[in-house]
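One letter stands for each residue in the lines below.
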Amino acid sequence: MGLATFVFKMQLQSNEQLAISFKNLTANAEFKYLLSDENLSTSDTIVDKTNNSGVDLTSNLIIKNISNKKYLYMSFRCGLGQNSASVEDIQIEHNSVATEYETYVKDKIFVKNDNDVYEEFEEEKKLEITTGVEFETNETRNGKVVYGKIIDCGALPNNTTKSIAHNIANVYEIINYESIAVNPGGSTFKLNWLIYDGSSAQYCNIQISKTQINLRSNWDASSFNCTTTIYYTKN
């Protein structure tokens, strides 16, 4: 019989701790690891977790790179002359304890900071937006940061004009907006809105200045509540 072999090599940092966990290491499965530098040496200590008992094994290994080696080498293979062998749920963590196995572990990126120390790189967090609270987008316009704010405009007007102060300070330029109206039945439309029923045209439109939002309708639109998101730059 031939040998089925899996070999894993991982770069390490000085004094780094790793938790390696696996389960159901079957009989005659050879499972070994060692810490070494770029070139393997006969003086490197091989840790052998080969299953010779014939009983499925589960193991949690805590490895600390106190000898400041560059790499972790790990291998798994079927024993010579055996039809098959297997191991399940191998998990390697930058941790001092092994945690519960996850079917998918998101990749982590480590970068060297100004103090020459590796630290985890955090991806940009998702933007949290709250009605009435100014938020900063990841965009700029003509060198100025683009901000946004959601305004609760309340009920739409009944055949009149309604003005709402948006309380945004130091507005330089209004660059975009989105205004949505919803009634209790779930009907939704965007302002500016116009419908022609065959005899007359109904509309509900919006105008935004640096100080307020102006809503106007020529029909009773008060069953609809409106929110408006304004995008702008500041002085």
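This text gives an overview of the structure that appears in the document.

Criteria and thresholds
- Here the residue numbering is sequential within each chain, running from 1 through the sequence in written order.
- Restriction of local features to residues with pLDDT of at least 70 applies here, the model being predicted, together with a cutoff of 80 or more for giving and counting side-chain atom pairs; totals for whole chains, interfaces and linings are based on all residues.
- Note: side-chain values were computed over all heavy atoms of the structure, leaving out hydrogens and water.
- Criterion used throughout: strands pair if DSSP finds at least two bridges between them.
- Secondary structure elements follow DSSP: runs of H or I of four or more residues count as helices, runs of E of two or more count as strands, with numbering from the N terminus.
- Fitting a line to C-alpha atoms yields each axis, with helices limited to the stretch in contact; the angle taken between N-to-C directions then spans 0 to 180 degrees.
- Here a Phe, Tyr or Trp ring, Trp counted by its six-membered ring, pairs with any other such ring whose centre lies within 6.5 Å, and the pair is stacked when the planes are under 30 degrees apart, edge-to-face when over 60, and tilted otherwise.
- Note on criteria: charge over ring means Lys NZ or Arg CZ within 6 Å of the ring centre, with the direction from the centre no more than 35 degrees off the ring normal.
- Only residues whose relative accessible area exceeds 30% and that form no salt bridge enter a patch; like-charged residues are grouped when within 9 Å of one another, and nonpolar side chains (Val, Leu, Ile, Met, Phe, Trp, Tyr) when within 5 Å.
- Reported accessibility uses the Shrake-Rupley method at a 1.4 Å probe radius. Residues are deemed covered only where the shown protein chains occlude them.
- Here, a salt bridge means any Lys or Arg side-chain nitrogen found within 4 Å of an Asp or Glu carboxyl oxygen.
- Charge assignment in this entry is limited to Lys and Arg as positive and Asp and Glu as negative, and neither His nor the chain termini are counted.
- Every charge is mapped to an atom, namely NZ of Lys, CZ of Arg, CG of Asp or CD of Glu.

**Observations concerning the sheet that holds strand β10 (residues 135–141)**
Consideration 1: One open sheet accounts for five strands, arranged β10-β11-β18-β13-β14; its pairing is antiparallel. With partners counted over all chains shown, the strands left at the sheet margins are β10 and β14 (188–191), one partner each. Between one strand axis and the next, the sheet turns through 25° on average, direction left out of account.
Consideration 2: Alignment of β10 against strand β11 (residues 144–155), held across four bridges, turns out to be antiparallel. Along β11, the bridge assignment pairs Phe135 with Gly148.

**Quick notes on the environment of Asn142**
Consideration 1: Positionally, Asn142 belongs in the loop between β10 and β11.
Consideration 2: Sequence spacing of Asn142 and Thr233 is 91 residues, and the spatial spacing of their C-alpha atoms is 9.4 Å.

**Structural notes on the packing of aromatic side chains**
Consideration 1: With the rule as written, the count across this model stands at five aromatic pairs.
Consideration 2: Here the aromatic cluster, defined as three or more aromatic residues joined through ring pairs, consists of Phe189, Trp219 and Phe224.
Consideration 3: Of note, Lys9 hangs over the ring of Tyr71, and the distance from its end group to the ring centre comes to 4.2 Å.
Consideration 4: If you follow Lys234 out to its NZ or CZ, it ends over the ring of Tyr147, 5.0 Å from the centre.

**Considering unusual backbone geometry**
Consideration 1: The peptide bond linking Leu191 to Asn192 adopts the cis configuration, its omega dihedral lying at 5°.
Consideration 2: The phi torsion at Asn159 lies on the positive side, around 55°, for a residue other than glycine.
Consideration 3: Relative to the assigned elements, Asn159 resides in the loop between β11 and β12 (161–165).
Consideration 4: Of note in this structure, Asn170 is not a glycine but carries a positive phi near 60°.
Consideration 5: Mapped onto the elements, Asn170 comes out in the loop between β12 and β13 (171–182).

**Considerations on a negative patch on the surface**
Consideration 1: Residues Asp114, Glu119, Glu120 and Glu122 make up a contiguous surface patch of negative charge.
Consideration 2: Inspection of the secondary structure puts Glu119 in strand β9 (residues 118–121).

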